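# Structure at a glance
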Amino acid sequence: MRVIVKNDPVEISHEAAEMIVNQINKNHGSVIGFATGASPVETYKRIIEKYQKGEVSLKHITTFNLDEYVGLSRDNVNSYFYFMKENLFGKTDVDFDRVNFLSGEASDLEAECERYYNRIKECGGIDIQLLGIGTNGHIGFNEPGEKFMDRPFSVKLTQSTIDSNRKYFEAVGDKMPEYALTMGIGDIMRSKKIILIATGESKAKAVKQLVEGEVSPSCPATILKIHSDVTVFLDPAAASLLGDKK
Ligand code: GLP
């Protein structure tokens, strides 16, 4: 795991965007795994800028997102599909026919998870997966627990995750869903390359666990230690609790 500390989220975004754009320019049909939340937003801005300058086209890529809330339609402002449309896809030439999402509206959630697993496989796996990290060490919506999940699954969100994200729902007078669908740890680990971005003091504890702790499902992100190609980008606040690895 390479741990890189940059001065701020903008500096991080330049490097992370460059890695993703290089992958796409190396293979226009790359399969890219995207994440939602505040952490990747600056990186998406840099990708959009590169698209606008003609430095990259997203037309032939296939995309998979990590997760989606159960019960939200794609046009709900708090759905992750809507987030990706607003923050990246809708501002580039992405082909929406190759945008893959777990559907939080599926009537059979188990079948939906199976479909997503098979779709990733059919597309040859994910070339680069972008990740954020929850304050409790979750990745995607793989919450702390007793075991690592291999394939996509439906998850009951923890109180800590609800507390971190409820503001987005309260802002529009909605209640935050208690369940979500997420890629499993296995799906994430099967990605050829992984980039994780963590900024701000609220992530410092989870980052310390990730970098210095033992691999354990009680902090799901720690599994990334055993992946062969992970780059972790931190700002000084997120890195503030690290010891000699800072
Ligand atoms: C949510 C998402 C994660 C994301 C995390 C951190 O729970 N499911 O994929 O990484 O929040 O979000 P943020 O980047 O807003 O701190």
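Running from amino to carboxyl end, helix H2 (residues 41-52) crosses helix H3 (residues 80-87) at an angle of 40°, the nearest separation of the two axes being 10 Å. Taken together, the axes of H2 and H3 lie oblique to each other. Contact with H2, carried on its side by Val41, Tyr44 and Ile48, involves Phe83, Met84 and Asn87 of H3 and no other residues of that element. Its residues placed into classes, the contact of H2 with H3 shows 5 nonpolar, 1 polar and no charged.

The next thing to look at is the packing of aromatic side chains. Evaluation of the coordinates by the stated rule reveals 10 aromatic pairs. Look at Phe34 and Phe89: their rings are 5.7 Å apart centre to centre, the planes differ by 70°, and that puts the pair in the edge-to-face class. You can see Phe34 sitting in strand E2 (residues 31-34) and its partner Phe89 sitting in the loop between H3 and strand E5 (99-100), a full 55 residues away along the chain. Phe34 sits in the buried class, given a relative accessible area of 0%. Take Phe89: its relative accessible area is 0%, and that puts it in the buried class. Between Tyr69 and Phe141 the ring centres are 5.6 Å apart and the planes differ by 50°, which places this aromatic pair in the tilted class. Pair noted here: Tyr69 is in strand E4 (residues 67-69) and Phe141 is in the loop between strand E6 (128-131) and strand E7 (153-156), with a separation of 72 residues, a long-range link.

Turning next to the pattern of salt bridges. Opposite charge on two side chains permits pairing when their charged atoms draw close. Under the criterion given, the structure shown has 19 salt bridges. The closest approach of N and O atoms between Glu18 and Lys50, which form a salt bridge, is 3.6 Å. One end of the pair, Glu18, is in helix H1 (residues 9-26); the other, Lys50, is in helix H2, with 32 residues separating them in the sequence. Take Lys50: its relative accessible area is 16%, and that puts it in the buried class. Residues joined in a network through salt bridges with shared partners are Glu42, Lys45, Arg46 and Glu49.

What counts and how
- Residues numbered from 1 in each chain as written.
- Predicted model: local features only at pLDDT ≥ 70, side-chain atom pairs only at ≥ 80, totals over all residues.
- Heavy atoms only, no water.
- Axes fitted to C-alpha atoms, helices over the stretch in contact; angles between N-to-C directions.
- Helix = DSSP H or I, 4+ residues; strand = E, 2+ residues; numbered from the N terminus.
- Parallel < 35°, antiparallel > 145°, perpendicular 65-115°, else oblique.
- Contact = heavy atoms within 4.5 Å.
- Nonpolar A, V, L, I, M, F, W, Y, C, P; charged D, E, K, R; others polar.
- Phe/Tyr/Trp six-rings, centres within 6.5 Å; stacked < 30°, edge-to-face > 60°.
- Buried < 20%, exposed > 50% of the residue type's maximum accessible area, 1.4 Å probe, protein only.
- Salt bridge = Lys/Arg side-chain N within 4 Å of Asp/Glu carboxyl O.

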